[in-house]
Amino acid sequence: MPSPTTAPPAAEGAEVELAIGGMTCASCAARIEKKLNRMDGVSATVNYATEKAKVSYEAGVEVSDLIATVEKTGYTAQEPPPPASVQSAPEEAGAAPADTALAALRQRLLVSTALAIPVIAMAMIPVLQFDNWQWLSLTLAAPVVVWGALPFHKAAWTNARHGAATMDTLISVGTSAAFLWSLWALFFGTAGMTGMTHPFELTIGRSDGAGNIYLEAAAGVTAFILAGRYFEARSKRKAGAALKALLELGAKEVTLIGTDGTERLIPTAELKTGDRFLVRPGEKIATDGTVVDGSSAVDASMLTGESVPVEVAPGDTVTGATLNAGGRLVVEATRVGADTQLARMARLVEDAQNGKAAAQRLADKISAVFVPVVIALAVATLGFWLGNGAGLTAAFTAAVAVLIIACPCALGLATPTALMVGTGRGAQLGILIKGPEVLETTRRVDTIVLDKTGTVTTGRMTLLAVHPAESTTEHEVLRLAGALEHVSEHPIAQAVAAGAAERTGTLPTPEDFTNVAGLGVQGIVEGHAVLVGRTRLLSEWSIELPADLERAKARAEASGRTAITVAWDGEARAVLEVADAVKGTSPEAVRRLRALGLTPILLTGDNKAVAEAVAAKVGIDEVIAEVMPEDKVAVVKRLQAQGRSVAMVGDGVNDAAALAQADLGLAMGTGTDAAIEAGDLTLVRGDLRSAADAIRLARRTLGTIRVNLFWAFAYNVAALPLAAAGLLNPMIAGAAMAFSSVFVVGNSLRLRGFKPTG
């Protein structure tokens, strides 16, 4: 995590992360990046989506120099305050200001929309044009153009001071010109006369503009663009949520064991290296450490992807945020705070997010050329008509018409309407799309990396097979073994108990029960002395497996399953197979992903035998097993370096960094919050088949947005020559704008008909 204090000048080279404020579009990020990279010894990448700049700088450069450069460009910069520790409350990460800004934008949008609707209605529907209606329009439109559009005016002013022009410039100039001209027409022209109307006439004719008002254009454009900015800001708000979810995984409090043996509850953030703490069954392990007393099974699947709980005893290492599923443990802390594995994973997620290229929306790309051209055309139009003796009023009318017809009304609807309809339809199908920048990568992905545990498989240990000895029935084995395992808290024991209860009904109650640490359980059930566990437990009672059970055990272990032996009354009776079961829908899901042109790869922290067995069942050829979280990120990077565009599907904390690094992250909604927040798409049902539907829907939504953007610009560009020629009256401008908006909305609504495959 970044240091809470300003970094000193770099000795040989250092890195800092700056929080950037004031960016309104991707071109802002590009301009800041360009300015920083012009500094000697500085290399910077600016991410518009996360509003952060990652800067590497050499000796002689100070962080204050970097901040000053950003501020000279017209934006703000500061080092983001890091969390006190991984275990600290997530509220310290500074979420409140972002929530406040989003709420303020929402209020601005709602007020502006409520005021703009009647202004548009009166201008477009002649029957609503009562005496002096134009003055009511002015009263309603003024707050929208002045207060509602204030963010655009501020951004346009900042851009102008630095010789730049963006969509904000066009919006500000267009709405201001329409509003100011309307004021002139109302107070100094004929538009303020009682009985003035805007007849709905689709005629072309030159006018001096003295009777024309453009209040509906000014108010409508402002409301539409505010809607687009709000939905964009809401999706950007989630950019840091993956880190917050990781922070929340750690234990908040821990039972510290003093040097005199006393126990007291303290906040986890107060733990120091060398402290000893108690972990009871069912509690999270507070931080990375070494077991000094006790033995248990630790469920580390959220971090490692290993489906089988790991047995730990004195001398073994444990990781913070994993779950103690068995006995009582005393652990000595070896790493705390920012040094823990969980903190390192949080940094991996953050680095992967910041490493993504800034989402260059199509509108911003075109605006780099479109905006200056329109402004130049408006100035040229003014000069041309003045030079031809048309008079100041007619010349200015034509120039304003150019700005108004170019003002991106339908453009404000193009992305948000398609996104709203697409995401709404996705939600009905259990697919959550986080934002427009997500869609751009869906059409390019050619490789899909699938996590095993909880994604292709159920993520839960399940009793898969029973191999009884010749003298024993399966029903009898399950009744006696299930009864004993039902008393144990071990996840494998619970899987056996659940499977036994499902197949035999009510289980008997043991008359005696003992947990043998690391080996299994033993006890008395219905008068039988029963043993359930590892082969070594049976060996301690001088019981050997017959050849048929030995072969069954070897086959189970060769396929990556956990083999459990059962004996009673001094004789081996059965071998049980327990494993993480493949979801019934996974083979069909893999076939659908292949049909989309994607190459599936199974990636897991589990052992190779288990992974290959699962891959064979679902039809995946390429398997990468026994990888740690850092390795998962490296695998994704390696695939990307090969020129592949990678989608990743996962559900665990161990997948969060890889999900963020991938070009497209798909998180299973049945997984952890960290994975869900790091993903770009969330599959609520936990059904892998919906991954194929999600990619299809995202591609369809992106296609709709691109068509919308094309027509939004096409209407404007086609009408520009008419406006420049002074042949565009207000009604034609209004009708063209309304028709382009209706077209965009109608095209977006077609997404409601999207249907999942099969």
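Residues numbered from 1 in each chain as written. Predicted model: local features only at pLDDT ≥ 70, side-chain atom pairs only at ≥ 80, totals over all residues. Heavy atoms only, no water.

Some details on the overall build of the chain
Argument step 1. The secondary structure content of the chain amounts to 26 helices and 26 strands.
Argument step 2. In the chain, which comprises 758 residues, the share counted as buried stands at 54%.
Argument step 3. Surface accessibility of the chain: about 31,000 Å² in total, with carbon and sulfur atoms responsible for 57%. (Helix = DSSP H or I, 4+ residues; strand = E, 2+ residues; numbered from the N terminus. Buried < 20%, exposed > 50% of the residue type's maximum accessible area, 1.4 Å probe, protein only. Areas by Shrake-Rupley, 256 points an atom, 1.4 Å probe, with all protein chains shown as cover.)

Thoughts on the sheet that holds strand S7 (residues 276-279)
Argument step 1. One open sheet accounts for 6 strands, arranged S6-S5-S7-S13-S8-S11; its pairing is antiparallel. On the outer flanks of this sheet lie strand S6 (263-267) and strand S11 (317-318), each paired with one strand and no other.
Argument step 2. Sheet topology note: the strand S5 (residues 253-257)/S7 ladder contains 3 bridges and is antiparallel. Bridged to Thr 255 within S7 is Leu 278. (Pairing = 2+ DSSP bridges.)

As for the UniProt feature "transmembrane region" (unreviewed entry) in the chain
Argument step 1. Under the UniProt annotation, the feature "transmembrane region" (unreviewed entry) is placed at residues 109-127, 133-150, 170-193, 213-231, 366-386, 392-415, 705-725 and 731-749.
Argument step 2. This span, residues 133-150, is 94% helix and 0% strand, and a straight line between its end C-alpha atoms measures 25 Å.
Argument step 3. Within the segment residues 170-193, helix and strand shares are 75% and 0% respectively, and the terminal C-alpha atoms sit 31 Å apart. (UniProt positions renumbered as here; feature names shortened; annotations may be inferred.)

Brief notes about the nonpolar core
Argument step 1. Core analysis: the biggest nonpolar cluster contains 44 residues, and Ile 448, Leu 450, Leu 593, Leu 602, Leu 664 and Leu 666 have the highest contact counts within it.
Argument step 2. Top element by residues in this core is helix H25 (residues 689-724). It accounts for 9 residues.
Argument step 3. In this structure Leu 450 touches Val 456, Val 590, Leu 593, Pro 600, Ile 601, Leu 602, Leu 603, Ile 620, Val 649 and Leu 688, once residues within four positions along its chain are discounted.
Argument step 4. The next biggest cluster of nonpolar side chains, apart from the first, holds 39 residues, and it includes Leu 170, Ala 219, Val 402 and Leu 403. (Core = buried A, V, L, I, M, F, W, Y, C linked by side-chain atoms within 4.5 Å. Contact = heavy atoms within 4.5 Å.)

Considering the sheet that holds strand S2 (residues 42-47)
Argument step 1. With antiparallel pairing, the 4 strands of this open sheet are ordered in space as S2-S3-S1-S4. In this open sheet, the two strands that pair with only one neighbour each are S2 and strand S4 (76-78). Each strand of the sheet is rotated relative to its neighbour by a mean of 25 degrees, with strand direction disregarded.
Argument step 2. For strand S1 (residues 14-21) and strand S3 (residues 52-57), the ladder comprises 6 bridges, and the chain directions are antiparallel. The residue of S3 that forms the bridge with Val 16 is Val 55. (Axes fitted to C-alpha atoms, helices over the stretch in contact; angles between N-to-C directions.)

Here's the deal with the environment of Leu 537
Argument step 1. Locating Leu 537 in the fold gives a position in helix H18 (residues 535-540).
Argument step 2. Overall, Leu 537 belongs to the buried group, its relative accessible area being 0%.
Argument step 3. Counting along the chain gives 30 residues from Leu 537 to Ala 567, while the straight-line C-alpha distance between them is 9.8 Å.
Argument step 4. Setting aside chain neighbours within four positions, we find Leu 537 in contact with Val 516, Leu 519, Gly 520, Val 521, Gln 522, Leu 531 and Val 532.

As for the pattern of salt bridges
Argument step 1. Counted under the stated rule, the structure contains 19 salt bridges.
Argument step 2. Arg 479 is paired through a salt bridge with Glu 526; the nearest N and O atoms lie 2.4 Å apart. Of this pair, Arg 479 sits in helix H16 (residues 474-487) while Glu 526 sits in the loop between strand S18 (520-525) and strand S19 (528-533), and the two are 47 residues apart along the sequence.
Argument step 3. Ionic pairing is found between Arg 573 and Glu 571, a salt bridge with its closest N-O pair at 3.8 Å.
Argument step 4. Residue classification places Arg 573 among the buried positions, given a relative accessible area of 12%.
Argument step 5. By sharing partners, the salt bridges in this structure join Glu 263, Arg 280, Glu 283 and Arg 328 into a single network. (Salt bridge = Lys/Arg side-chain N within 4 Å of Asp/Glu carboxyl O.)

Some thoughts on the packing of aromatic side chains
Argument step 1. Counted under the stated rule, the structure contains 5 aromatic pairs.
Argument step 2. Aromatic side chains Trp 181 and Trp 184 sit 5.0 Å apart centroid to centroid with 20 degrees between the ring planes, which places their arrangement in the stacked category. Residue Trp 181 and its partner Trp 184 are both found in helix H6 (residues 167-187); the two are separated by 3 residues, about one turn of the helix.
Argument step 3. By relative accessible area, Trp 181 is classed as buried at 5%.
Argument step 4. The positively charged end of Arg 108 is found above the aromatic ring belonging to Trp 147, 4.8 Å away from the centroid. (Phe/Tyr/Trp six-rings, centres within 6.5 Å; stacked < 30°, edge-to-face > 60°. Lys NZ or Arg CZ within 6 Å of the ring centre and 35° of its normal.)

A few points about the confidence of the model for the chain
Argument step 1. Counting all residues, the mean pLDDT for the chain is 80, and 81% of those residues have values of 70 or more.
Argument step 2. Considering only residues more than four positions removed or in separate chains, one finds that residues 1-11, a stretch of pLDDT under 50, has 26 contacts. (pLDDT = per-residue confidence, 0-100.)

Observations regarding a nonpolar patch on the surface
Argument step 1. On the surface, a nonpolar cluster with roughly 270 Å² of combined accessible area is contributed by Ile 125, Val 127 and Leu 128.
Argument step 2. Here Leu 128 shows up in the loop between helix H3 (95-124) and helix H4 (133-148). (Patch = residues over 30% accessible without salt bridge, like charges linked within 9 Å, V, L, I, M, F, W, Y side chains within 5 Å.)

Quick look at helix H5 (residues 150-161)
Argument step 1. In a regular helix each residue adds 1.5 Å, so 12 residues correspond to 16 Å; H5 covers 17 Å between its end C-alpha atoms and thus fits that length.
Argument step 2. Taken residue by residue, H5 has Phe 152, His 153, Ala 155, Ala 156, Thr 158 and Asn 159 as its buried positions.
Argument step 3. Phi turns positive one or two residues past the end of H5, at Gly 163, with a value near 65 degrees. (Expected span 1.5 Å × (residues − 1).)

Some thoughts on the packing of H4 against H5
Argument step 1. Between H4 and H5, the least distance of the axes is 5 Å, while the angle of their chain directions is 40 degrees. With respect to H5, the element H4 is oriented oblique. In contact with Val 145, Val 146, Trp 147 and Gly 148 of H4, H5 contributes Leu 150, Pro 151 and His 153.
Argument step 2. In terms of residue class, the contact of H4 with H5 is made up of 5 nonpolar, 2 polar and no charged. (Parallel < 35°, antiparallel > 145°, perpendicular 65-115°, else oblique. Nonpolar A, V, L, I, M, F, W, Y, C, P; charged D, E, K, R; others polar.)

Digging into helix H17 (residues 491-504)
Argument step 1. Taking 1.5 Å of rise per residue, the 14 residues of H17 would be expected to cover 20 Å, and the 20 Å separating its terminal C-alpha atoms lies within 8% of that figure.
Argument step 2. Those residues of H17 that fall on the buried side of the exposure criterion are Ile 492, Ala 493, Ala 495, Val 496, Ala 497, Gly 499, Ala 500 and Thr 504.
Argument step 3. In this structure, the buried residues of H17 make contact with strand S16 (457-468), H16, strand S20 (562-568) and strand S21 (571-582).

Some remarks on the side chain of His 490
Argument step 1. Here His 490 shows up in the loop between H16 and H17.
Argument step 2. Polar side-chain contacts of His 490 include one of 2.8 Å to the side chain of Glu 311.
Argument step 3. Residues within four places of His 490 in sequence aside, it is in contact with Ala 297, Pro 309, Glu 311 and Ala 325. (Polar contact = N/O pair within 3.5 Å; in protein donor to acceptor, adjacent residues only side chain to side chain.)

Brief notes about the packing of H16 against H17
Argument step 1. Viewed as axis vectors pointing N to C, H16 and H17 meet at an angle of 135 degrees, and their least axial separation amounts to 8 Å. Overall, the two elements H16 and H17 adopt an arrangement that is oblique. Remark: the crossing between H16 and H17 carries left-handed chirality. On the side of H16, the interface is formed by Glu 474, His 475, Leu 478, Arg 479, Gly 482, Glu 485 and His 486, while H17 contributes Ala 493, Gln 494, Val 496, Ala 497, Ala 500, Arg 503 and Thr 504.
Argument step 2. Residues belonging to the contact of H16 with H17 are distributed by class as follows: 5 nonpolar, 5 polar and 4 charged. (Left-handed = near helix turned anticlockwise from the far one by under 90°.)

Notes on the environment of Gly 274
Argument step 1. By the element assignment, Gly 274 lies in the loop between S6 and S7.
Argument step 2. For Gly 274, the residues in contact, after removing those within four places along its chain, are Glu 332 and Ala 333.

Here's the deal with the environment of Arg 573
Argument step 1. Note that Arg 573 resides in strand S21.
Argument step 2. When the C-alpha atoms of Arg 573 and Glu 470 are compared, they prove to be 8.4 Å apart, with 103 residues separating the residues in sequence.
Argument step 3. If near-sequence neighbours (up to four positions away) are discounted, Arg 573 is found in contact with His 467, Pro 468, Ala 469, Ser 471, Thr 472, Val 477, Leu 549, Val 566, Ala 567 and Trp 568.

Comments concerning unusual backbone geometry
Argument step 1. Positive phi, normally seen in glycine, also occurs at Ala 321, with a value near 80 degrees.
Argument step 2. When you line up the elements, Ala 321 lands in the loop between S11 and strand S12 (323-324).
Argument step 3. With a phi close to 60 degrees, Ser 542 is a non-glycine residue in the positive phi region.
Argument step 4. Among the secondary structure elements, Ser 542 is positioned in the loop between H18 and helix H19 (547-558).

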